[in-house]
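Here's the letter readout for the chains.
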Amino acid sequence: SQTIHQWPATLVQPVGSPLSLECTVEGTSNPNLYWYRQAAGRGLQLLFYSVGIGQISSEVPQNLSASRPQDRQFILSSKKLLLSDSGFYLCAWSDSGTGANVLTFGAGSRLTVL
Amino acid sequence: QQQVKQSPQSLIVQKGGISIINCAYENTAFDYFPWYQQFPGKGPALLIAIRPDVSEKKEGRFTISFNKSAKQFSLHIMDSQPGDSATYFCAAKRPGSARQLTFGSGTQLTVLP
């Protein structure tokens, strides 16, 4: 069966520090991968998605970047965190191809920028 | 065109009551409409989904009603339980899009014991 792992679960970082959140998927190959952000009490904002290694699409201009160095690994990064980067970050995957419907989320990473 | 509008923002229901959450969309190209359930501190999980060729889908106490002409769909939770307390998101997907889902803004449901 497929599983998705996301870490760290909780992170407290000072403004201006770097960020790296990691996500891996097991039990599938060539998945579509996604990073979402959920601000407190708000909805789900799609940040990045990837259909393959090195292929990243950005949905919103921001202080963050994403990379996919391996087929089942997706990394969310920042060189210098802002207060507004605080939130709940969710990695998700779906089967590859444009017909896949089911989106499966990880447990999330809660980032607090102080 | 890409928006999915969800209401209410929050909902309080007594145990045993019916919870109803509504969503509306504009893009008639959407062909898949799921609902996700999210407990505090967890990632959302797929609850139930429907395609526009049917008007209703039921799974246990959860039912999706779909009105294609009105471009609206809703989630009904029958015999609501305190364990149903969570945030619910509706979503919609266009065919042929790897970008996946457009989510509603979420409804925080509280079921009182």
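Counting from 1, residues in each chain are numbered in the order their sequence is written. Here chains are named by letter from A upward and ligands by number from 1 upward, in the order in which they appear as written. Residues qualify for local features only when their pLDDT is at least 70, as the model is predicted, and side-chain atom pairs are given and counted only at 80 or more; totals for whole chains, interfaces and linings, by contrast, use all residues. As a rule here, side-chain values cover all heavy atoms of the structure and leave hydrogens and water aside.

### Quick word on unusual backbone geometry
The condition that has to hold: Where helices and strands are cited, they refer to DSSP runs of H or I of at least four residues and of E of at least two residues respectively, numbered from the N terminus. Each residue's exposure class comes from its accessible area (1.4 Å probe, protein chains only) as a fraction of the maximum for that residue type: buried when under 20%, exposed when over 50%, partly exposed otherwise.
The omega torsion across Trp 7 of chain A and Pro 8 of chain A is 0 degrees, close enough to zero to call that bond cis. With respect to the element layout, Pro 8 of chain A can be found in the loop between strand S1 (3-7) and strand S2 (10-13). A cis geometry characterises the amide bond from Ser 7 of chain B onward to Pro 8 of chain B, with omega recorded as -5 degrees. Summarising the element assignment, Pro 8 of chain B is placed in the loop between strand S1 (4-7) and strand S2 (10-14). A positive phi angle, near 55 degrees, is found at Lys 71 of chain B, a position not held by glycine. Lys 71 of chain B gets classed as partly exposed once you look at its relative accessible area, which sits at 22%. Of note, the phi angle at Asp 79 of chain B is positive, near 45 degrees, even though the residue is not glycine. For Asp 79 of chain B, the position within the fold is in the loop between strand S8 (72-77) and strand S9 (86-93). The partly exposed category is assigned to Asp 79 of chain B, whose relative accessible area is 40%.

### Digging into the confidence of the model for chain B
In plain terms, the rule: You can read pLDDT as the predictor saying how much it trusts each residue, on a scale of 0 to 100.
Residues with a pLDDT of 70 or more make up 95% of chain B, whose mean pLDDT is 93. By mean pLDDT, strand S10 (residues 101-103) of chain B is the weakest element of chain B at 88, and S8 of chain B is the strongest at 98.

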